[in-house]
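Read off the chains here:
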Amino acid sequence: MTMLEWTSAALLVAGGAFFLAGTLGLLRFPDVYSRLHALTKADNLGLGFILAGLALQADSVAAALKFVLIWPLVLAASAAVSHAIARRARQNGIRPIQRP
Amino acid sequence: MKFDRSRLSALLFRGSVFTIVWWILAEGHPASWGVGAVSISGALAASLLLAPPSGTRFSFIAGLRFGAFFLLESIRGGSQVALAALAPGRLRPGLTSVVIGLPDGLPRVLLMNTLNLLPGTVSIQLEGDTLWLHVLDRRQAIEREVAIVETHLARMLLIERST
């Protein structure tokens, strides 16, 4: 394997690890608000690593940029959706769990 | 529509952005420019209808610095959540509120969306100038972190932040 392929593989594995951590957080965090943190932050970072890994393997500059373009688009959607869920949860009177 | 300078520059700027996005989507295939011209014009018309040019200015250098800051903070935020997922008992979640100094409109929308992606904060609701946040760890210096993001956005959009 070339250096580029090793780097790409390392990025893909790192991305998978963050997706796993995000899913673990989704299952283990105490309330809806905390779970949003797991989804927005860990998964977005995981996606970033996977896209970077794939971009390194792309055939052309345009194809690589296409992978890079996906990141801000998904980030914008994920930020807006998590805000919408959090606001609705608060309007419905769901209280965040607060530990001392 | 009057074509004063700010409108014309908004038109040129958005047109170039959509053209670049199309070039990326079509992976530069020359045969796609026919469909591309229709798509780009459609996107331009939709953007002018939904978000008319409002004289928003933008500092490119500050934008790059914000991008670098955002990347580093994303890594910190993702790692923080990943560690917390392994040991959820260490979480100290809760609600908190901060008073924000950015003006209404685009700056606040950007601030709330950015905070959702940065370490430990999810923005819940804006009441007047008070922003309600959910935080993963109430021991974090939330006010200072929000102020840092605000300063970045203010520099990028060339606006003043009232404190």
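Criteria and cut-off values
- Residues numbered from 1 in each chain as written.
- Chains lettered and ligands numbered in written order.
- Predicted model: local features only at pLDDT ≥ 70, side-chain atom pairs only at ≥ 80, totals over all residues.
- Heavy atoms only, no water.
- Helix = DSSP H or I, 4+ residues; strand = E, 2+ residues; numbered from the N terminus.
- Rg over C-alpha atoms; globule rule 2.2 N^0.38 Å.
- Buried < 20%, exposed > 50% of the residue type's maximum accessible area, 1.4 Å probe, protein only.
- Contact = heavy atoms within 4.5 Å.
- Areas by Shrake-Rupley, 256 points an atom, 1.4 Å probe, with all protein chains shown as cover.
- Lys, Arg positive; Asp, Glu negative; His and termini not counted.
- Charge placed at Lys NZ, Arg CZ, Asp CG, Glu CD.
- Salt bridge = Lys/Arg side-chain N within 4 Å of Asp/Glu carboxyl O.
- Expected span 1.5 Å × (residues − 1).
- Pairing = 2+ DSSP bridges.
- Axes fitted to C-alpha atoms, helices over the stretch in contact; angles between N-to-C directions.

Colleague: Please set out the overall build of chain B residue by residue, giving values where relevant.
Modeller: Of the regular secondary structure elements, chain B holds five helices and three strands. Taken from N to C terminus, the helices and strands of chain B fall in the order α-α-α-β-α-β-β-α. Relative to its length of 163 residues, chain B is extended, with a C-alpha radius of gyration of 20 Å against a globular reference of 15 Å. Referenced to the eigenvectors of the C-alpha coordinate spread, the extents of chain B come out at roughly 55 × 35 × 25 Å. Scored against the burial criterion, the 163 residues of chain B give a buried share of 42%. By sequence separation, contacts in chain B at least 24 residues apart represent 68% of the contacts at least 6 residues apart. Accessible area of chain B: about 9,000 Å², with a carbon and sulfur share of 66%. Side chains of chain B carry 15 positive and 11 negative charges; the gap between the two charge centres is 3 Å.

Colleague: Outline the pattern of salt bridges, listing residues and values.
Modeller: Residue and element names in this part refer to chain B. Evaluated as defined, the whole model comprises seven salt bridges over all chains. In this structure, glutamate 145 engages arginine 76 in a salt bridge whose closest nitrogen and oxygen atoms are separated by 3.9 Å. Within this pair, whereas glutamate 145 is found in helix α5 (residues 142–156), its partner arginine 76 is found in helix α3 (residues 60–86), the two being separated by 69 residues in sequence. Take glutamate 145: its relative accessible area is 18%, and that puts it in the buried class. Between arginine 108 and aspartate 129 there is a salt bridge, and its shortest N-O distance comes to 2.7 Å.

Colleague: So what's going on with the environment of B:Thr151? Residues and values would help.
Modeller: Here B:Thr151 shows up in helix α5. With 44 residues separating them in the primary sequence, B:Thr151 and B:Pro107 have C-alpha atoms 11 Å apart.

Colleague: How would you sum up helix α3 (residues 61–91) of chain A? Please name residues and give values.
Modeller: The terminal C-alpha atoms of α3(A), which comprises 31 residues, lie 46 Å apart, in line with the 45 Å expected from a rise of 1.5 Å per residue. Within the sequence span of α3(A), burial applies to A:Ala62, A:Ala63, A:Ala64, A:Leu69, A:Trp71, A:Leu75, A:Ser78, A:Ala79, A:Ser82, A:His83, A:Ala86 and A:Ala89. Contact partners of the buried residues in α3(A): α2 (32–57) of chain A together with α1 (5–25), α3, α4 (106–117) and β2 (121–127) of chain B.

Colleague: Break down helix α1 (residues 3–28) of chain A for me, with residues and values.
Modeller: With 26 residues, α1(A) should cover 38 Å at 1.5 Å per step; its first-to-last C-alpha distance of 37 Å lies within 8% of that length. Those residues of α1(A) that fall on the buried side of the exposure criterion are A:Ser8, A:Leu11, A:Gly15, A:Phe18, A:Ala21, A:Gly22 and A:Gly25.

Colleague: Just give me the short version of the sheet that holds strand β1 (residues 94–99) of chain B, but keep the residues and values in it.
Modeller: With antiparallel pairing, three strands are arranged side by side in an open sheet as β1-β3-β2 (chain B). Each edge of the open sheet is held by one strand with a lone partner, namely β1 and β2 of chain B. Neighbour-to-neighbour, the strand axes of this sheet turn through a mean angle of 30 degrees, independent of strand direction. Bridge count for β1(B) against strand β3 (residues 130–135) of chain B is six bridges, and the pairing is antiparallel. Bridging from a neighbouring strand, B:Gly94 pairs with B:Val135 of β3(B). Against the sheet, α2(A) touches β2 and β3 of chain B, its axis set at about 120 degrees to β2(B). Sheet strands touched by α3(A): β1, β2 and β3 of chain B. Its angle to β2(B), the strand with the most contacts, is close to 60 degrees.

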